[in-house]
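If you want the building blocks of each chain, they are given just below.
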Amino acid sequence: MPSLFRRKSTAVVEEPVVEETPEPAHARPKGYTPSKKELGKETPKRPSVGRRGAGDTKPLTKEEARAKRRQLRAEAAEEFRREGGPRDRGPERRLARDVVDSRRTVGTWFFGGALIVLIGSSAAMPPIVRLVSNLLWATLAIGVVIDSVLISRKIKKLVQQRFPDSTQRLGGVYLYAIMRAITFRRMRTPVPQVQLGAKI
């Protein structure tokens, strides 16, 4: 009778090791791309030298943020002063600016004269002062009208010569030039690109 408590054999039957074989190509779906691990390649790690972590940026203080905003505003104003805005773009308007900037205009004296007229026309002034103020106002107004007509005629002639295929409305160019002509030269935007008396 065999013993129920017989010690099992110490010989251990090892299970055969099944080597994994790559899946045949015909069993893979169409468009399958093997990974770098399957191809035996390793993805190289990016060097960390010179890289700044997301938490390394030092937050700006209120004073620094205020100074930064002031600097950005100053740079934007300087760029606008130098380049102008959308209304200043186009070869026709560039030509109109050059026409105005190359000559002395009555309009540059308009606001200064208007201030004198305003003071001289007050009721506290003697009648002779009020009369002179009114004459000065009329002279300035007539001078601005004549100057605006001359500027517009010159711009029309030059635009027709240099830009015969232009689709720009000349009425808008005339108004643009007239508004520039009644602005002090140092306050014009964009800044004048030609000298007084230059030939356009």
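Engineer: How would you summarise unusual backbone geometry if you had to cite specific residues and measurements?
Structural biologist: The peptide bond linking Thr189 to Pro190 adopts the cis configuration, its omega dihedral lying at -5°. Along the chain, the position of Pro190 falls in the segment after helix H5 (170-181).

Engineer: Lay out the packing of helix H3 (residues 110-120) against helix H4 (residues 127-162) in plain terms, naming residues and giving numbers.
Structural biologist: For the pair H3 and H4, interaxial distance at closest approach is 8 Å and the crossing angle is 155°. It follows from the interaxial angle that H3 and H4 lie roughly antiparallel. In this structure, H3 crosses over H4, and the sense of that crossing is left-handed. Along its contact with H3, which presents Phe110, Gly113, Ala114, Ile116, Val117 and Gly120, the element H4 presents Val129, Arg130, Ser133, Leu136, Trp137, Leu140 and Val144. In the contact of H3 with H4, the residues fall into nine nonpolar, three polar and one charged.

Engineer: Now, about the pattern of salt bridges: what can you tell me, with residues and values included?
Structural biologist: For the coordinates displayed, the defined rule picks out five salt bridges. The residue Arg87 makes a salt bridge to Asp88 at a minimum N-O spacing of 3.8 Å. Taking the relative accessible area as the measure of exposure, Arg87 reaches 49% and is therefore partly exposed. For Asp88, a relative accessible area of 3% corresponds to the buried category. For Asp101, the salt bridge goes to Arg188, with nearest N and O atoms at 2.9 Å. Taken as a pair, Asp101 in helix H2 (residues 91-101) and Arg188 in the segment after H5 lie far apart in primary sequence, 87 residues in all. With a relative accessible area of 2%, Arg188 lands in the buried category. Several salt bridges share partner residues, and in doing so they unite Asp101, Arg180 and Arg188 into one network.

Engineer: Break down a positive patch on the surface for me, citing the residues and quoting the values.
Structural biologist: Taken together, Lys62, Arg66, Arg69, Arg70 and Arg73 make up a surface patch of like positive charges. Tracing the sequence through the fold places Arg70 in helix H1 (residues 62-83). Classification of Arg70 as partly exposed rests on a relative accessible area of 46%.

Engineer: Break down H5 for me, citing the residues and quoting the values.
Structural biologist: Given 3.6 residues to a turn, an α-helix orients residues that are three or four positions apart in the same direction. Under the 1.5 Å per step criterion, the end-to-end length of H5 is 16 Å for twelve residues, consistent within 8% with the ideal 16 Å. Those residues of H5 lying buried are Val173, Tyr174, Tyr176, Ala177, Arg180 and Ala181. Down the axis of H5, the smallest arc covering the buried residues is 160°, so these residues share one side.

Criteria and thresholds
Sequence order as written defines residue numbering, which begins from 1 separately in each chain. In view of the model being predicted, local features appear only for residues whose pLDDT reaches at least 70, and side-chain atom pairs are presented and counted only at 80 or more, with totals across whole chains, interfaces and linings using the full set of residues. Side-chain descriptors were evaluated using all non-hydrogen atoms of the structure, hydrogens and water having been removed beforehand. The helix and strand labels rest on DSSP assignments: H or I over at least four residues marks a helix, E over at least two residues marks a strand, and numbering proceeds from the N terminus. As a rule, the C-alpha atoms of each element are fitted with a line to give its axis, helices using only the stretch in contact, and angles between N-to-C directions run from 0 to 180 degrees. Put simply, angles under 35 degrees are roughly parallel, angles over 145 are roughly antiparallel, angles from 65 to 115 are roughly perpendicular, and the rest are oblique. Here is the rule for handedness: rotate from the far helix to the near one, and if that takes an anticlockwise turn smaller than a right angle the crossing is left-handed, while a clockwise turn gives right-handed. Contact definition: two residues touch when any of their heavy atoms are within 4.5 Å. For this classification, Asp, Glu, Lys and Arg are treated as charged, while Ala, Val, Leu, Ile, Met, Phe, Trp, Tyr, Cys and Pro are nonpolar and the rest, including Gly, are polar. Whenever a carboxyl oxygen of Asp or Glu lies within 4 Å of a side-chain nitrogen of Lys or Arg, that contact is scored as a salt bridge. In this scheme, a residue with accessible area under 20% of its type's maximum is buried, one over 50% is exposed, and one in between is partly exposed, where area comes from a 1.4 Å probe on protein chains only. Patch members must show over 30% relative accessible area and no salt bridge, and they are joined within 9 Å when carrying like charges or within 5 Å when they are nonpolar side chains of Val, Leu, Ile, Met, Phe, Trp or Tyr. Residue-level accessible areas treat just the shown protein chains as cover; the underlying method is Shrake-Rupley with a 1.4 Å probe. The convention is simple: Lys and Arg are positive, Asp and Glu are negative, and His and the chain ends are not counted. A single reference atom marks each charge: NZ on Lys, CZ on Arg, CG on Asp, CD on Glu. By definition here, a helix of n residues has an expected span of 1.5 Å times n minus one. Here, the arc refers to the directions that run from the helix axis to the C-beta atoms.

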